[in-house]
Amino acid sequence: MAGILVVDDEPSMREFLKILLDKKGYSIQTAASGAEALTLLQHHPFDLIISDIRMPDLSGLALLENIKQQDLSIPVVLITAYASPEDAVLAMKNGAYDYITKPFKVDDILSVIKAALGSRQEKTQSKEADAFTGIIGNSPEMLKIYDLIQRIGPTQANILIYGESGTGKELVAQAIHQHSKVAENAFVPITCSAIPENLIESELFGHAKGSFTGAIANKTGLFELANNGSAFLDEIGELSPLIQTKLLRVLQEREFKKVGGTETIKVKVRIISATNKNLEEEVLAGRFREDLFYRLAVVPIRMPPLRERKGDVPLLVDHFLKKYSALFDKEVQQISSYALKVLMDYDFPGNVRELENIVERGVALESSNIILPESLTLSGHRTGRPADHDHSPEYDSRPMDENAFDLGLEQYITDIEKRLIKTALTRTNNSRMKAADLLKMSFRSFRYKAKKYNI
Ligand SMILES: Nc1ncnc2c1ncn2[C@@H]1O[C@H](COP(=O)(O)OP(=O)(O)OP(=O)(O)O)[C@@H](O)[C@H]1O
Ligand SMILES: [Mg+2]
């Protein structure tokens, strides 16, 4: 029997939760203050704590902090008021397992409790990361993202994913849904910027037949389609002030009407949104509603640009090589070490999407079964100094001159030396000083070699 500690200064709430949860077979203790909760914690091994945030002596957040400091692994669910969405943000930031907003439905709190108790079991059973289908990368930055997805996936918190274009925001949004408690329900994406202003309202909320010219049939909107699942609002920074206001209202009231409709539709939708804008700046500039920002970004996730996690490049290249070799029915399974070095020195302004395009084009262009530097088309600038490569021991993937094997090493090198010396002399109009310079050798060595080869 799982032990739950309910902390609230309001007797009626303690009473209500105790009766409800007792009936569900949990073992409940209550505390009327944060301080009392801490005392109880010293003597009882609870499996879960449900605490109000606003309490006179020690707030729920302070209690949470205290529990984290003691390194107790008990999940904490905080109760926040709907009027103060910033409390939810703080709760998640400070490591709450999840939060419930007052007023809540019995079903809501029961499912949060179930998820929180389940999370604990999973954690103790295996700490292994589960599969993140389709997301490649094992850099520390990506491991942090996987961790976050696992932690916040099963909660109800709205998530804002932000980062440069091509960093994988949509993949992460899908992964969050896959890790949610509603994974078997719908994940409905919408790209806010792709829909004309006058249509977006009906895309989001649907419309009733005949509500405007062109509304020839009833339309079900995103919120209805995503009911009991997740809605993915991509490029949320592009929403007009009017739509921002309407969206905020739905998030606050959890109900809406279709365009031209009379019926009130109740929905329960988890919102995952994404933007490549700096939404905080947009808020400061007055282009994005602050209250909406708080509702959407209860947990913000920053996707690091690829140049900050170059360690993922080889894995990604490998992944895309396999993908496009199969797609184009080719045998290109490898990248030469020099071509890989060129990529490692590149800054990828278009992030993973650009890397994918580069590999795709490389596979299409390559006639051998290994990607050579010549098959790479890079648009942005390289961060490495090209001169370095000439001395690099990895500079070994240029096509071999097959003559070398006929002549043997000594003879081949003599041959090359002679050709280089002659070429240098031709290019410098037979100035031995300049030719030595061109070959980056001392005049003495140059004279010695030239004499040796009778040049
Ligand atoms: N870590 C990754 N592993 C594998 N593929 C990835 C990864 N990150 C991105 N991709 C691929 O790169 C492309 C771009 O990813 P995605 O659409 O998720 O980026 P985005 O951040 O939403 O970009 P934008 O802001 O331009 O919409 C997709 O084809 C996606 O499959
Ligand atoms: Mg995207």
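Residues numbered from 1 in each chain as written. Chains lettered and ligands numbered in written order. Predicted model: local features only at pLDDT ≥ 70, side-chain atom pairs only at ≥ 80, totals over all residues. Heavy atoms only, no water.

All right, on to the site of ligand 1 then. Of all residues adjacent to ligand 1, which total 17 residues, the nearest are Ile136, Ser165, Gly166, Lys169 and Arg353. Between an oxygen atom of ligand 1 and a main-chain N or O atom of Gly168, the distance comes to 3.1 Å. The contact in question runs from an oxygen atom of ligand 1 to an N or O atom on the backbone of Leu171, over 3.4 Å. Protein contact buries 85% of the 630 Å² of open area that ligand 1 shows by itself. (Near = heavy atom within 4 Å. Polar contact = N/O pair within 3.5 Å; in protein donor to acceptor, adjacent residues only side chain to side chain. Areas by Shrake-Rupley, 256 points an atom, 1.4 Å probe, with all protein chains shown as cover.)

The next thing to look at is helix 14 (residues 337-344). The set of residues buried in helix 14 consists of Tyr338, Ala339, Val342 and Leu343. Burial along helix 14 is one-sided: seen end-on, the buried residues are contained in an arc of 145°. (Buried < 20%, exposed > 50% of the residue type's maximum accessible area, 1.4 Å probe, protein only. Helix = DSSP H or I, 4+ residues; strand = E, 2+ residues; numbered from the N terminus. Arc of directions from axis to C-beta.)

Turning our eyes to something else, we now look at the sheet that holds strand 4 (residues 76-81). Across a sheet, paired strands are connected by hydrogen bonds in the backbone, their directions being either parallel or antiparallel. Across the sheet, 5 strands lie side by side as 2-1-3-4-5; this open sheet has parallel pairing. The open sheet has two edge strands with one neighbour each: strand 2 (27-31) and strand 5 (98-102). In this sheet, adjacent strand axes meet at a mean angle of 20° when their direction is disregarded. Here strand 3 (residues 48-52) runs beside strand 4; their pairing, made up of 4 bridges, is parallel. (Pairing = 2+ DSSP bridges. Axes fitted to C-alpha atoms, helices over the stretch in contact; angles between N-to-C directions.)

What follows concerns the sheet that holds strand 6 (residues 159-162). Strand order in this open sheet of 5 strands is 7-10-13-6-14, and the pairing throughout is parallel. Both edges of this open sheet fall to strand 7 (187-191) and strand 14 (299-302), since each of them pairs with a single strand only. In this sheet, adjacent strand axes meet at a mean angle of 20° when their direction is disregarded. Where strand 10 (residues 230-234) meets strand 13 (residues 270-275), 4 bridges bridge the pair, whose relative direction is parallel. The partner of Phe232 across the bridge, within strand 13, is Ile272. Seen against the sheet, helix 6 (residues 140-152) touches strand 6, strand 13 and strand 14 and runs at an angle of roughly 160° to strand 14. (Contact = heavy atoms within 4.5 Å.)

Following both chains from N to C, one finds helix 13 (residues 313-328) and helix 15 (residues 351-365) inclined at 45°, their axes separated by 9 Å at the closest point. Between helix 13 and helix 15, the crossing angle belongs to the class labelled oblique. The element helix 13 and its partner helix 15 pack so that their crossing is right-handed. Side by side, helix 13 and helix 15 meet where Val313, Leu316, Val317, Phe320, Leu321, Lys323, Tyr324, Ser325 and Phe328 of the first sit next to Val352, Leu355, Glu356, Val359, Glu360, Val363 and Ala364 of the second. (Parallel < 35°, antiparallel > 145°, perpendicular 65-115°, else oblique. Left-handed = near helix turned anticlockwise from the far one by under 90°.)

Quick look at the nonpolar core now. Core analysis: the biggest nonpolar cluster contains 32 residues, and Leu204, Leu222, Phe223, Leu233, Ile236, Ile271 and Phe288 have the highest contact counts within it. Elements represented by at least two residues in this core include exactly strand 7, helix 8 (197-205), helix 9 (222-225), strand 10, helix 10 (241-253), helix 11 (279-284) and helix 12 (290-296). Tallying contributions element by element places helix 10 first for this core, with 5 residues. What Ile271 contacts, discounting residues up to four positions off in sequence, is Asn158, Ile159, Phe223, Ala231, Leu233, Leu251 and Leu296. Judged by nonpolar contacts, the second largest core, of 24 residues, contains Met142, Ile149, Ile161 and Ile272. (Core = buried A, V, L, I, M, F, W, Y, C linked by side-chain atoms within 4.5 Å.)

What follows concerns the packing of aromatic side chains. Tallied over the full model, the rule gives 8 aromatic pairs. Seen from their ring centres, Phe205 and Phe223 are 5.7 Å apart, and the 10° between their planes marks the pair as stacked. Taken together, the residues Phe205 in helix 8 and Phe223 in helix 9 connect sequence positions 18 residues apart. Like Phe205, the residue Phe223 is buried in the burial classification. Aromatic pair Phe223 and Phe256: ring centres 6.1 Å apart, planes at 50°, arrangement tilted. (Phe/Tyr/Trp six-rings, centres within 6.5 Å; stacked < 30°, edge-to-face > 60°.)

On their own, these measurements won't tell you what the molecule is for.
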